[in-house]
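# What the coordinates show
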Amino acid sequence: MSFDLQNSMEGFRSQCLTRFTSPKCVQQEVYFKNLSKQKQKEVMEKNGNNHKLRVCVATCNRADYSKLAPIMFGIKAEPQFFELDVVVLGSHLIDDYGNTYRMIEQDDFDIHTRLHTIVRGEDEAAMVESVGLALVKLPDVLNRLKPDIMIVHGDRFDALALATSAALMNIRILHIEGGEVSGTIDDSIRHAITKLAHYHVCCTRSAEQHLIAMCEDHDRILLAGCPSYDKLLSAKNKDYMSIIRMWLGEDVKTRDYIVALQHPVTTDIKHSIKMFELTLDALISFNKRTLVLFPNVDAGSKEMVRVMRKKGIEHHPNFRAVKHVPFDQFIQLVAHAGCMIGNSSCGVREVGAFGTPVINLGTRQTGRETGENVLHVRDADTQDKILHALQLQFGKQYPCSKIYGDGNAVPRILKFLKSIDLKEPLQKKFCFPPVKDNISQDIDHILETQSALAVDLGGTNLRVAIVSMKGEIVKKYTQLNPKTYEDRLELILKMCVEAASEAVNVNCRILGVGISTGGRVNPREGIVLHSTKLIQEWSSVDLRTPISDALHLPVWVDNDGNCAALAERKFGHGKGIENFVTLITGTGIGGGIVHQHELIHEDLLLVEGMSMKKEEVVSAAHLIQAAKLGNTKADSILRTAGTALGLGVVNILHTMNPSLVILSGVLASHYVNAVKDVINRQALSSVKTVDVVVSNLADPALLGAASLVLDYTTRRIY
């Protein structure tokens, strides 16, 4: 069946009319619809706009121009109300990205200023430097233009520079597409711009609710829909076949080609490059004609282009690789494609207007609202997964999506601009929800030491300590660890409550509770999944809920190995080191040494000068004491275990490439020389220089548990 784009769009438009008719929108539209041009001008004058509203539209790249162009055309069409100044910056002016400023000129817009703001390098530092360069250049431009309002779109780093400059220069900001949720650093940038902007145009009801939840003034939020949909839904069913053939070749049929558009994920560049490589491999195997668009200017894009060239995509008979496609032609290409694949927002937003199947790869668009045409492959970590998604999606036809617009966004935005009262104070007001009155702080409270409650669950002892921000153990409590689940949990709660009460007397403010325990832990849920045999009845245990309920404090839980590493990072040798490994060298939590698949019993270790209670469990300390007193069996165990540990460290060095290895626990000083010797004999020359040191922390388990809390309070991630 042939695809009639025009009929589809008309049907879609009629379906969408009810989506963008909130009471506020209806009231505004009815009000303005009944006004003549003269009346609208009178309203503007009443609002302090007794001159034409000078609007500066700044566009940074091909993607934001597709959203801003319909607004620019609308502003240009009403010269009696608006003066339009166009500022072009970012990747628009770079040849490698298509010199896309030319399409702005082709649309007959006068470009007031061109700012070269991109620092090449396509890495994280280049992005930061580009923002800095834009901040240096923009003040002069804004001083000359003196706009009443600046329109900024989206979530790009260039847009953040624009919003920052305008806000600091007391220029009103209208932000397009705020309140949305996607993924990676874009979310943070988008929400930062929201906080700087004075007015907001959002595309979906969810985005509107997010803006309200972010304490933005509801009266300054317009639910308009996406401006690009105004062009999408007015696209005529012209000779699209000539466009398809121009970009993909003469022998291509509708619904029998793929459009691929994939960008780097700036928070995980290595993984996004690998995912792009897998995507290209899958597309090669799928053996369909494919139009591949070059990625954007974000960090990692240079490496992605290298991957394309390494695989010969630009010369492959099934592929066409291009830097840029004009938006009106791109519309026709995706409307008649068999599938679109990648991680571009275009795939989950605009393409839904045509019902074209989309495969969204990875996490870059996580959180976006999508239509049923989108198939998500969150873990695109194998070629087979991507290939299977292509087999599921290719050639399907879905209903047109009505999430992002109904084709009437621009008229709403123009009316919204006309209603802006320039006499209103420029300072933003935030609509915070009601909160309880704060209790006045006295001098003792101000001088309290910020501290954590640290819990160490050992096989023998249960310890709770108050630990300061500097790693000082202010007070410590120790009890024997009960054998049953009920007794153990009761004792933990009792000791924590006692320590929290004592914290007041020692002038410490407890910020939270950190728990170190043996075995497998789900730190996200605060649950001990499985413990070692030395801690009985300790599987599938929720530690977070009862302790948090009792103390009214946040609770973090992790295993002892992770906590030891955290302690080293915050307080020990690992402080300031990027890559290091911490190894606990003891009998485990509470004791027990295994040698040649056998548990070492006390009768093998006892020599003259040693004494043990009959019920006492053999520990690493006993092994050390026996070796010092001449027990050859104990000495042999230490040497054999040291060599085995050294081999394990060599494997870690070859796999993880750390710059430091820290040995922690009672056996660390006895193993360090053996480990160094094995590294010197067995390791590759490139890692033989790695330092192996003994931890200088007296109590890494408690300090690590405390760092779970203290790192969070300083906004750090573990």
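Refer to the structure printed above.
Keep in mind the model is a prediction, meaning the values are calculated, not measured.

The next subject is the overall build of the chain. Helix and strand counts for the chain come out as 25 helices and 26 strands. Put simply, the chain has 718 residues, and 53% of those count as buried. Within the chain, contacts between residues separated by at least 24 positions form 72% of all contacts whose residues are at least 6 apart in sequence. Accessible surface for the chain amounts to roughly 32,800 Å². Of this, 52% is attributable to carbon and sulfur atoms.

With that settled, consider the pattern of salt bridges. Taken as a whole, this structure holds 33 salt bridges when the rule is applied. In this structure, the salt-bridge partner of Arg114 is Glu105, at a minimum N-O distance of 2.2 Å. Residue Arg114 is classed as partly exposed on the basis of its relative accessible area of 38%. The salt bridge involving Lys476 is made with Asp699; its shortest N-O contact spans 3.3 Å. Taken together, the positions of Lys476 in strand S16 (residues 473-480) and Asp699 in the loop between strand S26 (691-694) and helix H25 (700-713) put the pair 223 residues apart, joining distant regions of the chain.

This paragraph deals with helix H12 (residues 269-286). Compared with the 26 Å implied by 1.5 Å per residue over 18 residues, the 25 Å span of H12 between its first and last C-alpha is a close match. Buried residues of H12: Ile269, Ser272, Ile273, Met275, Phe276, Leu278, Thr279, Leu280, Ala282, Leu283 and Phe286, and no others. Once H12 ends, the next one or two residues include Asn287, with phi positive near 65°.

Moving on, we get to unusual backbone geometry. Of note, Cys215 is a non-glycine position whose phi angle comes to about 75°, a positive value. Along the chain, Cys215 falls in the loop between helix H9 (205-213) and strand S7 (221-223). Within the chain, His552 stands out as a residue other than glycine whose phi angle is a positive 55°. You can see His552 is positioned in the loop between helix H20 (544-551) and strand S21 (555-559). A relative accessible area of 71% places His552 in the exposed class.

What follows is about the nonpolar core. Core analysis: the biggest nonpolar cluster contains 61 residues, and Ile341 and Leu390 have the highest contact counts within it. Considering each element in turn, this core owes the most residues, nine residues, to H12. Excluding anything up to four places from it in sequence, Leu390 contacts Ile258, Ala282, Leu283, Phe286, Cys339, Ile341 and Ile359. If you look at the next biggest cluster of nonpolar residues, it comprises 37 residues, including Leu232, Tyr240, Cys346 and Tyr404.

Here we come to the environment of Val506. Inspection of the secondary structure assignment puts Val506 in the loop between helix H19 (485-505) and strand S17 (508-517). Note on Val506: relative accessible area 30%, which makes it partly exposed. Taking the C-alpha atoms as reference, Val506 lies 8.9 Å from Thr449; in sequence the two are 57 residues apart. Beyond its immediate stretch of four places on either side in the chain, Val506 contacts Ile466 and Val474.

Tallying each qualifying case throughout the model produces five aromatic pairs. An angle of 85° between the planes, with centres 6.3 Å apart, marks the rings of Tyr199 and Phe416 as edge-to-face. Residue Tyr199 is located in strand S6 (residues 199-202), and its partner Phe416 is located in helix H17 (residues 409-418); the two are separated by 217 residues in the primary sequence. Phe416 carries the same exposure label as Tyr199, and that label is buried. Measuring from centroid to centroid gives 5.9 Å for Phe430 and Phe432, while their planes differ by 45°, and the two rings are tilted. Owing to a relative accessible area of 32%, Phe430 belongs among the partly exposed residues under this scheme. On the basis of relative accessible area, Phe432 is assigned to the exposed category, the value being 63%. In this arrangement the basic side chain of Lys76 is found over the ring face of Phe109, its NZ or CZ atom lying 5.2 Å from the centre.

For the rest of this paragraph, the subject is the sheet that holds strand S20 (residues 541-542). Taking strand neighbours across the sheet as the criterion, the three strands line up as S18-S19-S20 in an open arrangement whose pairing is antiparallel. The sheet is open, and its two borders are formed by strand S18 (520-522) and S20, each paired with just one other strand. Relative to S20, strand S19 (residues 527-530) runs antiparallel, the two being bridged by two bridges. By the bridge assignment, Val528 is partnered in S20 with Val541.

To continue, consider the sheet that holds S26. Strand order in the open sheet formed by three strands is S22-S25-S26, with parallel pairing between adjacent strands. Sheet topology places strand S22 (580-584) and S26 at the edges, where each strand pairs with a single neighbour. Sheet twist, expressed as the mean angle between neighbouring strand axes with direction ignored, is 20°. In this structure, strand S25 (residues 660-664) lies alongside S26, joined through four bridges in parallel fashion. Across the sheet, residue Val661 finds its bridge partner in S26, namely Val692. Each of S22 and S25 touches helix H21 (residues 560-571); the most contacted strand, S22, lies at about 130° to it. Here helix H24 (residues 668-682) sits on the sheet and contacts S25 and S26; the angle it forms with S26, its principal contact strand, is near 170°.

Each value, and the rule that gives it
- Residues numbered from 1 in each chain as written.
- Predicted model: local features only at pLDDT ≥ 70, side-chain atom pairs only at ≥ 80, totals over all residues.
- Heavy atoms only, no water.
- Helix = DSSP H or I, 4+ residues; strand = E, 2+ residues; numbered from the N terminus.
- Buried < 20%, exposed > 50% of the residue type's maximum accessible area, 1.4 Å probe, protein only.
- Contact = heavy atoms within 4.5 Å.
- Areas by Shrake-Rupley, 256 points an atom, 1.4 Å probe, with all protein chains shown as cover.
- Salt bridge = Lys/Arg side-chain N within 4 Å of Asp/Glu carboxyl O.
- Expected span 1.5 Å × (residues − 1).
- Core = buried A, V, L, I, M, F, W, Y, C linked by side-chain atoms within 4.5 Å.
- Phe/Tyr/Trp six-rings, centres within 6.5 Å; stacked < 30°, edge-to-face > 60°.
- Lys NZ or Arg CZ within 6 Å of the ring centre and 35° of its normal.
- Pairing = 2+ DSSP bridges.
- Axes fitted to C-alpha atoms, helices over the stretch in contact; angles between N-to-C directions.

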